[in-house]
Amino acid sequence: MLSVWSNRPRYLHMGLFFAAYVMGCGFAQVLAIVPGITVSIWPPAGVFIATLILTPPYSWPWWILAGCAGEMFGQFVWFHSPLPAGLLIYVGNALCAVVGATLVNRACGRPCRLQTLQEVLVFVALGAGVAPLASATVGSATLAWFGIESQTFTSVWPLFWIGDATGILLVAPMVLIVIQHWRTKTELSAAQWTEAAVLGVIFLGAAALALGGHLSSPYIIMPPLLWVAVRFEFRGAAVALTLLALITMALTMSGGSQFVGDPESQREQQVMLQLFLVISAFSALIVAAISRQHQQAVLTLRQSLEALRDRELELSQLVNMVPSHVWRLTPDGQPTFFNKRMVDFLGLNVVDTDKPGMRRLEAVLETIHPDDAPGFGAALRNCLATGESFAMRYRLRRADGDFRWMSSRAEPMRNAEGTIVQWNIICVDIGDEVRSQEKLRLAQESLARASQAASLAELSASIAHEVNQPLAAIVANSNACYRWLSAEPVNVGRAKITTERIIRDANSAAAVVSRIRALFKPSVEQRHGMVLSSAITEACNLLADEAARRRVRMDINVESNLPAVSADRVQIQQVLVNLIRNGMEAMDSVAGDSVLGVRIRRVGDEIRTEISDGGGGVEFPDRIFEPFFTTKEQGMGMGLAICRSIVESHGGRLWAENNEPDGATFICTLPIATNAVP
Ligand code: ADP
């Protein structure tokens, strides 16, 4: 109830509705020309149903009240039916409007606006076809019941139904359009106004002539009517239909209508008139709907085309902005597009390459460096044949003749069926990157050479230092010996002692040299059958002092009855000492006592030695065996390189693994001796 009250329409609108309803009653009165029959075309039905279609259902009681007032007014002024009969007829009319509006809006899913062909068909079928069944039935029954002008139910019912249907078809579109476009201004161009005026004159002339009986058939008005519907859609159709109804009314009033005949045929004439109006209205509305749909389709197409053009422009701008070359190939390898950057780079006149005898692809291939062109051609041919994408680097000649390194990538573009429709290729100029990589490599090489030279200088200095000491002693002792021999008398005893010292120092220098040689030149002759457990014991003894100083405990675990390996004892000791010392150094940073594990066991045909520490682990496992690689401030980076070369020269392997959670294990394997000299 509250909703009904809050949805009360404005009085002005109800007043206008009332006026339109009354005018419709007057129109119906004029056209009620069949003797003894009070019903005719009923325009109020169109006003009523259109109003209900466009207004919320809660406001309908108000419109029903206003309609009732209009109907009662019409009854009072023109139809003079008894009040109960008038009321009953109105109930039928209101039922028709309510049923029609409800059905039409339900079927359209929204207030019907006659915008599409579907809406027009729904409106014609349900609004103009089904809804008047209610008013025709109630109205005819009332007329028959009250015996008004002795009309019977069956004689009146068809005229009642077709009268209401015609009223709805003629008037409702006009009302719908007027209400919807009340505030929107019609924007017609001068040409359209002219066309509308010409059409209006033709239409009015044709209608007057046709309905006035001057032409053989009233349907002669169809061409101008449909023309109006095509060109001006619903608005044009609604205006034309209203004009048609008014002309019909005027001619009927003046008695000049083709449809006014003698009293016997008047009923038939009336039906013909209503049919004529129904067919005209129906055709005009359908054509207007089709025209609207067509216009909308054209508009949508135009909008999509514009959007497509905008998008293409946007894309081509983007493609030209990308700091790379972008080009496109057909599936058989003919270029169809180069972006501006590529054209500028190559100085390629794409139009020139379209000349007969000059193909675009060849023009591009010609700009590739002769050394890279065969590879590029082969890769391109392969990807065109297999559909696989490719990526490669090659040199491309710039317009100024300079060759630049490019990194190129080609990807196929496939349609929904998976067929390749084009190839997209992107090439990035990596000339600067390649040049800086080359510079970096050269810098690294010279740095490595410099550090090697520095390390060699260091190594030479320490060798010189070691050899220099015995040499200096030899020189001093030789001088002394010379003096003892030159003295009078010759002091043979002292000279002998000095000579012994010279021999000792010379031996010691020779030992230094042979130790250094042993470092770099593994010799097979020195190999004997030896058991690794003794070598490890010796190495541990050698490093015992150092271990104590570094607070490292050595945990030695040697499997019993180990078979012998064929090895150079000194070299193997050198390897073990190096690995143990590295392990101890790695644990320098560990607080408190630390443990260095040494484990020797047989695994298959090999003796496996594992030296594990609890240090920080190996940071660069790939590089530690490279000569001169070190992470230590005083390190030379030669220890592991020499160890590996010694182990490998013995047919074994040496590698490192990091422990969990910390520390590293250096693993050395040596093959078990088959014919080693014990
Ligand atoms: P350096 O005399 O420089 O130590 P090495 O060849 O003996 O030369 O070792 C090379 C590098 O290997 C070392 O600088 C160190 O980074 C790494 N390394 C060797 N042993 C160990 C270990 N037990 N734990 C962690 N890193 C090690």
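Conventions we followed
- Note that residues are indexed from 1 along each chain, following the sequence as it is written.
- Totals for whole chains, interfaces and linings use all residues, but because this is a predicted model, local features are given only for residues with pLDDT of at least 70 and pairs of side-chain atoms are given and counted only at 80 or more.
- In computing side-chain values, all of the structure's heavy atoms are included and hydrogens and water are not.
- In this text, helices come from DSSP runs of H or I with a minimum length of four residues, and strands from runs of E with a minimum of two, each type numbered from the N-terminal end.
- For a compact globule the rule gives 2.2 Å times the number of residues to the power 0.38, and the radius of gyration it is set against comes from C-alpha atoms.
- Three labels apply to residues, based on accessible area from a 1.4 Å probe with only protein chains included: buried if under 20% of the type maximum, exposed if over 50%, partly exposed otherwise in between.
- Two residues qualify as a contact provided that any one of their heavy atoms is within 4.5 Å of a heavy atom in the partner residue.
- For every accessible area listed, the method is Shrake-Rupley and the probe measures 1.4 Å; residues are considered covered only by the protein chains on display.
- Within 6.5 Å between ring centres, the rings of Phe, Tyr and Trp (the latter by its six-membered ring) count as paired, and their orientation is classed by plane angle as stacked under 30 degrees, edge-to-face over 60, tilted in between.
- A pair of strands is labelled paired if DSSP reports no fewer than 2 bridges between them.
- Inter-axis angles, ranging from 0 to 180 degrees, are taken between N-to-C directions of lines fitted to C-alpha atoms, where helices are fitted over the stretch in contact.
- Nonpolar cores are built from buried Ala, Val, Leu, Ile, Met, Phe, Trp, Tyr and Cys residues. Side-chain atoms within 4.5 Å join them into one set.
- Salt bridges are identified by distance alone: a Lys or Arg side-chain nitrogen within 4 Å of an Asp or Glu carboxyl oxygen.
- Surface patches are drawn from residues lacking salt bridges whose relative accessible area is over 30%; two like charges belong together within 9 Å, two nonpolar side chains (Val, Leu, Ile, Met, Phe, Trp, Tyr) within 5 Å.
- In what follows, roughly perpendicular refers to angles from 65 to 115 degrees, roughly parallel to angles under 35, roughly antiparallel to angles over 145, and oblique to any angle outside these ranges.
- Handedness of a crossing follows from how the near helix is turned relative to the far one, being left-handed for an anticlockwise turn of less than a right angle and right-handed for a clockwise one.
- Residues are grouped as follows: Ala, Val, Leu, Ile, Met, Phe, Trp, Tyr, Cys and Pro are nonpolar; Asp, Glu, Lys and Arg are charged; all remaining types, including Gly, are polar.
- Nearness is judged by heavy atoms alone; a residue qualifies as near a molecule or strand once a single heavy atom is within 4 Å of it.
- Pairs of N or O atoms within 3.5 Å make up the polar contacts considered here, provided that, within protein, one atom can donate a hydrogen while the other can accept it, and that residues adjacent in sequence are counted only when both atoms are side-chain atoms.

When you go through the protein chain residue by residue, the secondary structure sums to 20 helices and twelve strands. For the protein chain, the C-alpha radius of gyration of 56 Å lies well beyond 26 Å, the compact-globule estimate for 678 residues. C-alpha atoms of the protein chain, sized along the principal axes, occupy 185 × 70 × 45 Å. Burial statistics for the protein chain: of 678 residues in total, 40% are counted as buried. For the protein chain, the proportion of contacts with a sequence separation of at least 24, taken over those separated by at least 6, is 66%. Total accessible area computed for the protein chain in this model is approximately 36,300 Å², and 60% of it derives from carbon and sulfur atoms.

Evaluation of the coordinates by the stated rule reveals 17 aromatic pairs. Ring plane angle 65° and centroid distance 6.4 Å describe the contact between Tyr21 and Tyr90, whose orientation is recorded as edge-to-face. Placement of Tyr21 in helix H2 (residues 11-31) and of Tyr90 in helix H5 (residues 83-108) is noted, with a sequence separation of 69 residues between them. Judged by its relative accessible area of 0%, Tyr21 is buried.

So, about the sheet that holds strand E7 (residues 552-558). If you walk across this open sheet you meet the five strands as E7-E9-E10-E12-E11, and the pairing is mixed. In this open sheet, the two strands that pair with only one neighbour each are E7 and strand E11 (653-658). Going across the sheet, the axis of each strand differs from the next one's by a mean of 15°, ignoring polarity. Relative to strand E12 (residues 664-671), E11 runs antiparallel, the two being bridged by six bridges. Each residue of the ladder has a partner; that of Leu654, found in E12, is Cys668. Its contacts with the sheet put helix H17 (residues 532-542) on E7, strand E9 (594-603), strand E10 (606-612) and E12, and the angle it makes with E7 is roughly 170°. Most of the contacts of helix H19 (residues 569-586) go to E10, to which it runs at about 30°, and overall it touches E7, E9, E10, E11 and E12.

Turning our eyes to something else, we now look at the nonpolar core. Counting residues in each nonpolar core, the largest one holds 80 residues, and the members touching the most others are Phe48, Phe123 and Ile221. At 15 residues, the largest contribution of residues to this core is made by helix H10 (residues 222-254). Val618, Cys643, Ala656 and Ala664 belong to the second-largest nonpolar core, a separate cluster that totals 41 residues.

This paragraph deals with the side chain of Ser135. By the element assignment, Ser135 lies in helix H7 (residues 132-146). Among residues more than four places away in sequence, those in contact with Ser135 are Gly92, Asn93, Cys96, Ser140, Phe160 and Asp164.

Side chains bearing opposite charge may pair, as long as their charged atoms lie close to each other. Counted under the stated rule, the structure contains 20 salt bridges. For Glu233, the salt bridge goes to Arg292, with nearest N and O atoms at 2.6 Å. Here Glu233 is found in helix H10, whereas its partner Arg292 is found in helix H11 (residues 266-321), with 59 residues between them in sequence. A single burial state applies to Glu233 and to Arg292, both of which are buried. It is possible to trace a salt-bridge network through shared partners that takes in Arg550, Glu585, Asp588 and Lys632.

With that out of the way, let us pick up the side chain of Glu233. Residue class for Glu233 comes out buried when judged on its relative accessible area of 16%. In contact with Glu233, other than residues within four places in its own chain, are Val228, Ala288, Ser291, Arg292 and Gln295.

Right, let's get into a nonpolar patch on the surface. A contiguous nonpolar surface patch, about 300 Å² in accessible area, is contributed by Tyr219, Met272, Leu275 and Ile279. Take Tyr219: it is sitting in the loop between helix H9 (190-211) and H10.

Orientation of helix H6 (residues 117-130) relative to H11, taken along the N-to-C sense of each, is 160°, at an axis distance of 8 Å. Here H6 is positioned roughly antiparallel relative to H11, judged by the angle of their axes. Of the two elements, H6 crosses H11, and the hand of that crossing is right-handed. Where H6 approaches H11, its residues Leu117, Val120, Leu121, Phe123 and Val124 are matched on the opposing element by Phe282, Leu285, Ile286, Ala289, Ile290 and Gln293. Of the residues assigned to the contact of H6 with H11, the class counts are ten nonpolar, one polar and no charged.

Attention now goes to the site of the ligand. Every one of the 16 residues lining the ligand counts as a neighbour, but Asp613, Thr630, Thr631, Lys632 and Leu640 are closest to it. Taking Asn582, its side chain carries an N or O atom lying 2.9 Å from an oxygen atom of the ligand. In the model, an oxygen atom of the ligand is placed 3.4 Å from a nitrogen or oxygen of the Gly639 main chain. Protein chains bury 90% of the 530 Å² of accessible surface belonging to the ligand in isolation. When contributions to the shell around the ligand are tallied by element, the ones reaching two or more residues are H19 and helix H20 (639-649). Here the element with the most residues in the shell around the ligand is H19; it accounts for three residues.

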